[in-house]
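One letter stands for each residue in the lines below.
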Amino acid sequence: MYAAVRRYEGVTDAAETARLVNEGFVPLMRQVSGFVAYYWIDAGDGVMVSTSVFQNQAGADESNARAADFVRDNLASLLPNPPRVMAGEVVASA
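The notes below deal with the structure included here. (Residues numbered from 1 in each chain as written. Predicted model: local features only at pLDDT ≥ 70, side-chain atom pairs only at ≥ 80, totals over all residues. Heavy atoms only, no water.)

## As for the nonpolar core
- If you look at the biggest cluster of nonpolar residues, it comprises 17 residues, and the most contacted ones within it are Tyr8, Val21, Phe25, Met29, Tyr38, Leu75 and Leu79.
- Those elements that place two or more of their residues in this core are α1 (14-31), β3 (47-54) and α2 (57-75).
- Counting residues per element, this core draws most heavily on α2, at 5 residues. (Core = buried A, V, L, I, M, F, W, Y, C linked by side-chain atoms within 4.5 Å. Buried < 20%, exposed > 50% of the residue type's maximum accessible area, 1.4 Å probe, protein only. Helix = DSSP H or I, 4+ residues; strand = E, 2+ residues; numbered from the N terminus.)

See below:
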């Protein structure tokens, strides 16, 4: 399995961002080949984190591309700063 983690700072409206992610982005993630799970986390203080899990690296890479497009097209005013992106092979899980 592979995972992609994106950390967004400076979020201007966490509730609206969560609504838009849930309604618009989550369905996009479910369409990516190899989809396993997706989580959108409100870490507080203007920080939100997404975690995407896929069966293969191609799915994780595609999730990062789709996230960038979705943010640009739908969330630019709510997520004004570029995310810190980390991705790699899942080497332990429970």
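More follows now that the structure is in view.
## Re the environment of Glu89
- Structurally, Glu89 is set in strand β4 (residues 84-89).
- Once you skip the residues sitting within four places of it in the chain, Glu89 turns out to touch Met1 and Tyr2. (Contact = heavy atoms within 4.5 Å.)

## As for the side chain of Thr51
- By the element assignment, Thr51 lies in strand β3.
- Classification of Thr51 as buried rests on a relative accessible area of 19%.
- Ignoring sequence-local partners within four residues, the contact set of Thr51 consists of Ala4, Val5, Ala37, Tyr38, Tyr39 and Ile41.

## Brief notes about the sheet that holds strand β1 (residues 2-9)
- Strand order in this open sheet of 4 strands is β2-β3-β1-β4, and the pairing throughout is antiparallel. The strands lining the two open edges of the sheet, one partner per strand, are β2 (35-44) and β4. For this sheet the average axis-to-axis angle between neighbouring strands, irrespective of direction, equals 10 degrees.
- Inspection of the sheet shows β2 paired to β3 by 8 bridges, in the antiparallel sense. Bridge pairing links Tyr39 to Thr51 in β3.
- Contacts from α1 reach β1, β2 and β3, with the element oriented near 170 degrees to β2. (Pairing = 2+ DSSP bridges. Axes fitted to C-alpha atoms, helices over the stretch in contact; angles between N-to-C directions.)

## Examining the packing of aromatic side chains
- Counted under the stated rule, the structure contains 4 aromatic pairs.
- Here Tyr8 and Trp40 contribute two aromatic rings whose centre-to-centre distance is 5.6 Å and whose plane-to-plane angle is 45 degrees, an arrangement assigned as tilted. Here Tyr8 is found in strand β1, whereas its partner Trp40 is found in strand β2, with 32 residues between them in sequence.
- Where Phe25 meets Tyr38, the ring centres are 5.4 Å apart and the plane angle is 70 degrees; that geometry is what we call edge-to-face. Of this pair, Phe25 sits in helix α1 while Tyr38 sits in strand β2, and the two are 13 residues apart along the sequence.
- Tyr38 gets classed as buried once you look at its relative accessible area, which sits at 12%.
- Through pairs of rings, three or more aromatic residues link up here, namely Phe25, Tyr38 and Phe70. (Phe/Tyr/Trp six-rings, centres within 6.5 Å; stacked < 30°, edge-to-face > 60°.)

Don't take any of this as a statement about function, it's just geometry.
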